[in-house]
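Structural overview for review
This is what each chain is made of:
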Amino acid sequence: MTAEHLQIIQFTVLVALAATALMLPPGIALAWLLARGRFRGKALLETVVTLPLVLPPVATGFILLRLLGRRGPFGAVLERGGVDLIFTWKAVLLAMTVMGLPLVVRTARAGFEQITRRYEQMAATLGAGPWRVFFTISLPLASRAVLAGALLGFSRALGEFGATIVIAGNIPGETRTIAVAMFGYLETGRDDDATVLLLASLAISFASVWLSNQLAQPARRTRAAPRASALPRARPR
Amino acid sequence: MGVEGAPVLVSAAVSLSAALEELGSQYTRAAGVPVRFNFAASNILARQIVEGAAVDAFISADEAQMGLVADAGLLEAGTRVVLLTNRLAVVTRGDWPRPLRQLADLGGQDVRRIAVGDPAAVPAGVYARQALERAGLWSIVEPRLVPTVSVRAALAAADEGNADAAIVYRTDVAAARHARLAFVLAPREAPPIVYPAAVMTRAPNAPAARAWLQWLRGPTARATFERHGFGVPARTP
């Protein structure tokens, strides 16, 4: 492994981690909304959230480019704000976040749906507001699913290629991720270099998907009952 | 329309796409042989052929990529010719504020991003690197380069306004929608830009490929190539 490989791997893992952190708040919120909410347009929201999972990644990149490129509606806003996005590491971050988000939403949603509603209702009757119920009952009970979703989102981010190449390009030391670099190596006949990156991504992805699968299996103990400490104590009135 | 023969499959540099599409349908009308194209950056095409792609003919944008195929022993003896020549050009994004008149202007502080085919492999990028090196500008300009997968992707980056400038072929400028031609490099500023063509030893349809390449060197094709801005070298006996 050379310094070049190391830089590419480090960069990719760091940005994928940051992307995972960015996916979580909207991912959990959307998962909760889809699991619990009843509102008009739910089916539409569900479909839109899933789109990046099934669209050709290049198409997602194209949409982002059209929206955020200098000629796009938001590109002009970014430019006025002095934010340089396209062909920078921020574009890599954005591509990874958008591509990983549906996996967080879908996995976390399944987790929320598995929770026995009665615990939430009990907490509510004991005087906990909806936020408190969410943070002390729902989220802890769904935490394994959320974590599993985060790991899947991270794995997806790690391998992102199509959207990345469109909006972030292939700038050495700046936007070149494992997938993009591997493609570049293959293009130029540098198969040995491609193999190093292949092995690195195999190792990271294997570990992350394996862990995610372990977590996604419903744990018997957490399904049975939340620990007493997780239940909000009724405030004396 | 006459009886159609078996199609000829041609892998050709993407810079030739407009001219060859036109010539392909002309040829099909004239000779009754359909011509199908696989357009990409020549380094990708060369790689595909070396890995076993069964194409009939290859038209590369530089000698280096044709050389890779030749070294693999895949060129039919006596069929390699220099079909065309071209020139490099610099384009700027549509709303670029000041004129660029010469290569040295790319060294200006305000030119932040310059899209080029990957200078490690894509012919247009390799030519661009050599031209910048000749001008003593490489070290200044290199950090600003956005390497792309093909010369057309470099053009697209300037077209969309996401790169300030791009180094492309003179013949690509006609395909620009928003980007504007800044200047064409003089022949002495860049290495000779040539398009070698050859029939492949593994060609499924070698006789038709030979006839097609022969026709491409004739007067009809010459007129079309010249109209698209390519140079046609004097035919050596």
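Residues numbered from 1 in each chain as written. Chains lettered and ligands numbered in written order. Predicted model: local features only at pLDDT ≥ 70, side-chain atom pairs only at ≥ 80, totals over all residues.

1. Concerning the overall build of chain A
Of the regular secondary structure elements, chain A holds twelve helices and zero strands. When the helices and strands of chain A are read in sequence order from the N terminus, they spell out α-α-α-α-α-α-α-α-α-α-α-α. Overall, the C-alpha framework of chain A stretches about 70 × 40 × 30 Å when taken along its three principal axes. In chain A, buried positions account for 42% of the 237 residues. For chain A, contacts bridging at least 24 residues in sequence account for 79% of all contacts bridging at least 6. (Helix = DSSP H or I, 4+ residues; strand = E, 2+ residues; numbered from the N terminus. Buried ≥ 20, exposed ≤ 12 C-beta atoms within 10 Å, placed from the backbone. Contact = placed C-beta atoms within 7 Å.)

2. Here's the deal with the overall build of chain B
Secondary structure assignment for chain B yields eight helices and ten strands. Computed over C-alpha atoms, the radius of gyration of chain B comes to 18 Å, within 12% of the 18 Å expected from 2.2 N^0.38 for 237 residues, which places it in the range of a compact globule. Dimensions of chain B, computed from the C-alpha atoms along their principal axes, are close to 60 × 35 × 30 Å. Burial statistics for chain B: of 237 residues in total, 50% are counted as buried. (Rg over C-alpha atoms; globule rule 2.2 N^0.38 Å.)

3. Examining the interface of chain A and chain B
Facing the 13 residues of chain A at the interface are 13 residues of chain B. Tallied by class, the residues present in the side of chain A that touches chain B amount to four nonpolar, six polar and three charged. (Nonpolar A, V, L, I, M, F, W, Y, C, P; charged D, E, K, R; others polar.)

4. Looking at the environment of Met-200 of chain B
Residue and element names in this part refer to chain B. Mapped onto the fold, Met-200 is located in the loop between strand E10 (193–199) and helix H7 (206–216). Residue Met-200 is classed as buried on the basis of its C-beta count, with 22 C-beta atoms lying within 10 Å. Between the C-alpha atom of Met-200 and that of Val-55, which follows or precedes it by 145 residues, the distance is 7.0 Å. Other than its neighbours up to four places away in sequence, Met-200 contacts Ile-49, Val-55, Asp-56, Ala-57, Phe-58, Leu-74, Leu-75 and Glu-76.

5. Structural notes on the pairing of strand E2 (residues 35–40) of chain B
Residues and elements named next belong to chain B. Across six bridges, the pairing between strand E1 (residues 8–13) and E2 is parallel. Counterpart to Ala-13 in the pairing with E2 is Ala-40. Handedness of the crossover is the feature at issue here: the chain leaves E1, passes through helix H1 (residues 17–31), returns alongside E2, and the resulting connection is right-handed. (Pairing = 2+ DSSP bridges. Right-handed = clockwise from strand over helix to strand, strands pointing away.)

6. With respect to the sheet that holds E1 of chain B
All names here are of chain B. Spatially, the five strands line up as an open sheet ordered E2-E1-E3-E10-E4, and their pairing is mixed. Strands at the two margins of the open sheet, each flanked by one partner only, are E2 and strand E4 (81–86). In this sheet, adjacent strand axes meet at a mean angle of 20° when their direction is disregarded. Here strand E3 (residues 57–59) pairs with E10 via three bridges, running antiparallel. By the bridge assignment, Ala-57 is partnered in E10 with Val-199. (Axes fitted to C-alpha atoms, helices over the stretch in contact; angles between N-to-C directions.)

7. A word on the pairing of strand E6 (residues 114–117) of chain B
Residues and elements named next belong to chain B. Side chains of E6 alternate between two faces, with Ile-114 and Val-116 and Ala-115 and Gly-117 buried alike. In this structure, E6 lies alongside strand E7 (residues 145–148), joined through four bridges in parallel fashion. Of the residues in E7, the one forming a bridge with Ala-115 is Val-146. Sheet topology note: the E6/strand E8 (residues 165–169) ladder contains two bridges and is parallel. Looking across to E8, one finds that Ala-115 is bridged to Ala-166.

8. Examining the sheet that holds strand E5 (residues 88–92) of chain B
Residues and elements named next belong to chain B. Strand order in this open sheet of five strands is E7-E6-E8-E5-E9, and the pairing throughout is mixed. Of all the strands in the sheet, just E7 and strand E9 (180–184) have a single pairing partner and so form its edges. With strand direction ignored, the average angle separating the axes of adjacent strands in the sheet is 30°. In this sheet, E8 lies alongside E5 in antiparallel orientation, the contact comprising five bridges. Looking across to E8, one finds that Leu-88 is bridged to Tyr-169. The strands that helix H4 (residues 123–134) touches are E5, E6, E7 and E8; relative to E6, the one it contacts most, it runs at about 120°. Relative to E8, helix H6 (residues 151–159) is tilted by about 145°, and along the sheet it contacts E5, E6, E7 and E8.

9. Thoughts on the confidence of the model for chain B
When pLDDT is averaged along chain B, the result is 94, and 97% of the positions lie at 70 or above. As a predicted assembly, this complex carries a pTM of 0.84 together with an ipTM value of 0.78. (pLDDT = per-residue confidence, 0-100.)

10. Looking at the packing of helix H1 (residues 3–36) of chain A against helix H8 (residues 143–159) of chain A
All names here are of chain A. Two elements in contact, H1 and H8, have axes whose closest approach is 9 Å; the angle formed by their N-to-C orientations is 135°. Comparing the axis directions of H1 and H8 gives the class oblique. Relative to H8, H1 is oriented so that their crossing is right-handed. In this structure, H1 contributes Thr-12, Ala-16, Leu-17, Ala-19, Thr-20, Met-23, Leu-24, Gly-27 and Ile-28 to the contact, and H8 contributes Val-146, Gly-149, Ala-150, Gly-153, Phe-154, Ala-157 and Leu-158. Residue composition of the contact of H1 with H8, grouped by class: eleven nonpolar, five polar and no charged. (Parallel < 35°, antiparallel > 145°, perpendicular 65-115°, else oblique. Left-handed = near helix turned anticlockwise from the far one by under 90°.)

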